[in-house]
Amino acid sequence: MSKSETESVDFVRQIITEDIANKKNGGAVVTRFPPEPNGYLHIGHAKSICLNFGIANDFDGVCHLRFDDTNPEKEDVEYVESIKEDVRWLGFDWGENQFFASDYFEQIYLWAIKMIEEGKAYVCDLTTEEVREYRAGWNKEGKDSPYRDRSVEENLDLFQRMKDGEFKDGEKSLRAKIDMSSPNMNLRDPAMYRIRHQHHHRTGDKWCIYPTYDWTHGQSDSLEKITHSICTLEFENHRPLYDWYIEALGIHHPQQIEFARLNLTHTVMSKRKLLELVQGNYVSGWDDPRMPTISGMRRRGYPAVAIREFCAHIGVTKFNGMTDLALLELYVRNNLNKTANRAMAILDPLKVVIENYDEGKSEMRKAVNNPEDESAGIREMPFSRELYIEREDFMEDPPKKFFRMAPGREVRLKNGFFLKCNDVIKDDDGKVVELRCTYDPETAGGKAPDGRKPSGTIHWVSAAHAIDAEVRVYNVLFEKEKADDVPEGVDWKETINPESLVVMKNAKLEPSLADAAPGACYQFERLGYFCVDNQDSSAGSLVFNRTASLRDNKKKK
RNA sequence: UGAGGAGUCGUCUAACGGUCAAGACACGACACUUUGAAUGUCGCUAUGUCGGUUCGAUUCCGGCCUCCUCAUCCA
């Protein structure tokens, strides 16, 4: 990957540039992407991944992948595997630098003992509720725990017994002795260890005490010789604690830098909410193409490079904003426009019979695979007496700016001939079921010898040669830009767009699509970009997902 | 009510004391077009607010306003 091509650089890179100039850390740059394996990665993580790995790349440093697995309750290997797959798919390589916070449990435990010995930590018997009370409110000073002044010997003994499993969950905790009257709540004797008789996905049953995030993260950074520990804004208030632990231990001191997390319109981004969508079956899973997850976007057909470009262009600041989904779609379309081969597909078929075309006859028409890429070559597609066109492309009583088919009108069949509609056949309910048309064999090149212009150009598929497919048309998950901005008492999930998924079961595709491979992307002409679903599609029964619609400049009537 | 952050076009960013505050997206208009796509041209109401420092402030300082985060033995 090349260096950043924009002239202006974000504030994080500015800080790092200065640090290098000042020979801080000997000029080295080591970053890390530290997900907790308790869910699937989403586009917000992609921003962090691109930032951390991107910085390592820009400054000839390295970026570690570290699993922040300090809370066995919610964590699982399933998530570890999905995270690795997603980071790799996004195009980043951590090489040998894969770590787990749980790799450091022993060292962190030893450091805890050191803290006790130096009188900087104590075992506390207060319950969660009591701790909350002792901490008091924002404008009040907290009260010292009655256990705060236990002797080093007693603390050492108690901590050992905590580790040995003598106590029940929540019965005791190890706390840092800092300042119960600090205006920063994080400094009011924060917990370092809690008792959890829980099986850990990596350390098994070795431990029944687990270090907290605050007591683990900075130390892990330090052990890995991280130079810049980049995290999101909500950890700003934790930085004093991060620094306090590192200073208390007297170890390598990485610099924590906070940036604003990504918010996208028309979707939700919190792990809790995404989990709710999955568990409540509002979506088919973490990789549902409507999900803002990396796996969902991959399944939807978003190219990894488009996501990277998006992340590179949204910038990195401390301003908490809301980025328009349209910007992500822009990069998706731009990439696909250049790379996706064109194909003809009819989502909602309407039969057309060409009365002056011989029954049983057929011919092959040439079609350009990608007008943006000559090397993509051309293909042939069959043309015959009976075709399917898009039901939307016909109107019995069209408004002025309708550039498509209507009674008495002539349109151009893309890569085919001019076609004129003479008759409309309806069923008993008055629904149009068939169009009787004639074609002009003189217009084979798409142009009429007499120079007349058709009212528009539409796509089509030969009925006899078409292959069937299911096409899943995806729309925004939430119609509102601020997805979870719901009125009092309304469940945010109630505002899910009922048309976020529209399944077209009778789609008709041109025959060349028969052997489309899972994941392959096409532009269905005039409709949008579609990819073969990577889960439910098979050779016999194809399933396509709509990745994105084409930009639509149709006048809103 | 405490602490820590943040406020620039509709949106996301740029300008780091010095020309008309720039770009992208979105939106709109026109041109072109065998995709109402793509492409091209044009347009598009912004520095939260009040003071101060300065020859000069988006930029530095102070007050105010608004928004975000924090009182988990979550991360």
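Look up: the structure comes first, before these words.
Residues numbered from 1 in each chain as written. Chains lettered and ligands numbered in written order. Predicted model: local features only at pLDDT ≥ 70, side-chain atom pairs only at ≥ 80, totals over all residues. Heavy atoms only, no water.

J.: With reference to specific residues and values, describe the protein's contact with RNA strand B.
T.: Taken together, 64 residues form the shell around RNA strand B, and within it Asn139, Arg196, Arg342, Gly445 and Gly446 come nearest. For RNA strand B, the fraction of atoms within 4 Å of the protein that belong to sugar or phosphate moieties is 62%. Within the contact set of RNA strand B, a sugar or linking oxygen lies 2.8 Å away from a backbone nitrogen or oxygen of Ile314. Contributions of two or more residues to the surface near RNA strand B are made by helix 5 (128–135), strand 6 (191–195) and helix 12 (325–339). Per-element tally for the surface near RNA strand B: the top contributor is helix 12, with 4 residues. Of the residues contributing to the surface near RNA strand B, the split by class is 18 nonpolar, 24 polar and 22 charged. (Near = heavy atom within 4 Å. Polar contact = N/O pair within 3.5 Å; in protein donor to acceptor, adjacent residues only side chain to side chain. Helix = DSSP H or I, 4+ residues; strand = E, 2+ residues; numbered from the N terminus. Nonpolar A, V, L, I, M, F, W, Y, C, P; charged D, E, K, R; others polar.)

J.: Let's hear about the packing of helix 11 (residues 304–314) against helix 12: which residues, and what values?
T.: The contact between helix 11 and helix 12 brings their axes to 8 Å, and the two run at 135°. Regarding the angle of helix 11 to helix 12, the classification is oblique. Taken as a pair, helix 11 and helix 12 cross one another with a handedness that is right-handed. Across the interface between the two elements, Val305, Ala306, Glu309, Phe310, His313 and Ile314 from helix 11 touch Leu327, Leu328, Tyr331, Val332 and Asn335 from helix 12. In terms of residue class, the contact of helix 11 with helix 12 is made up of 8 nonpolar, 2 polar and 1 charged. (Axes fitted to C-alpha atoms, helices over the stretch in contact; angles between N-to-C directions. Parallel < 35°, antiparallel > 145°, perpendicular 65-115°, else oblique. Left-handed = near helix turned anticlockwise from the far one by under 90°. Contact = heavy atoms within 4.5 Å.)

J.: Go over the side chain of Glu434, please, and point to the residues and values.
T.: Relative to the helices and strands, Glu434 resides in strand 18 (residues 432–440). Glu434 gets classed as buried once you look at its relative accessible area, which sits at 17%. Reaching out from Glu434, the side chain makes a polar contact with the side chain of Arg436 at a distance of 2.6 Å. Once residues lying within four places of it in the same chain are set aside, the contact partners of Glu434 are Leu350, Lys351, Val353, Asp423, Val424 and Ile425. (Buried < 20%, exposed > 50% of the residue type's maximum accessible area, 1.4 Å probe, protein only.)

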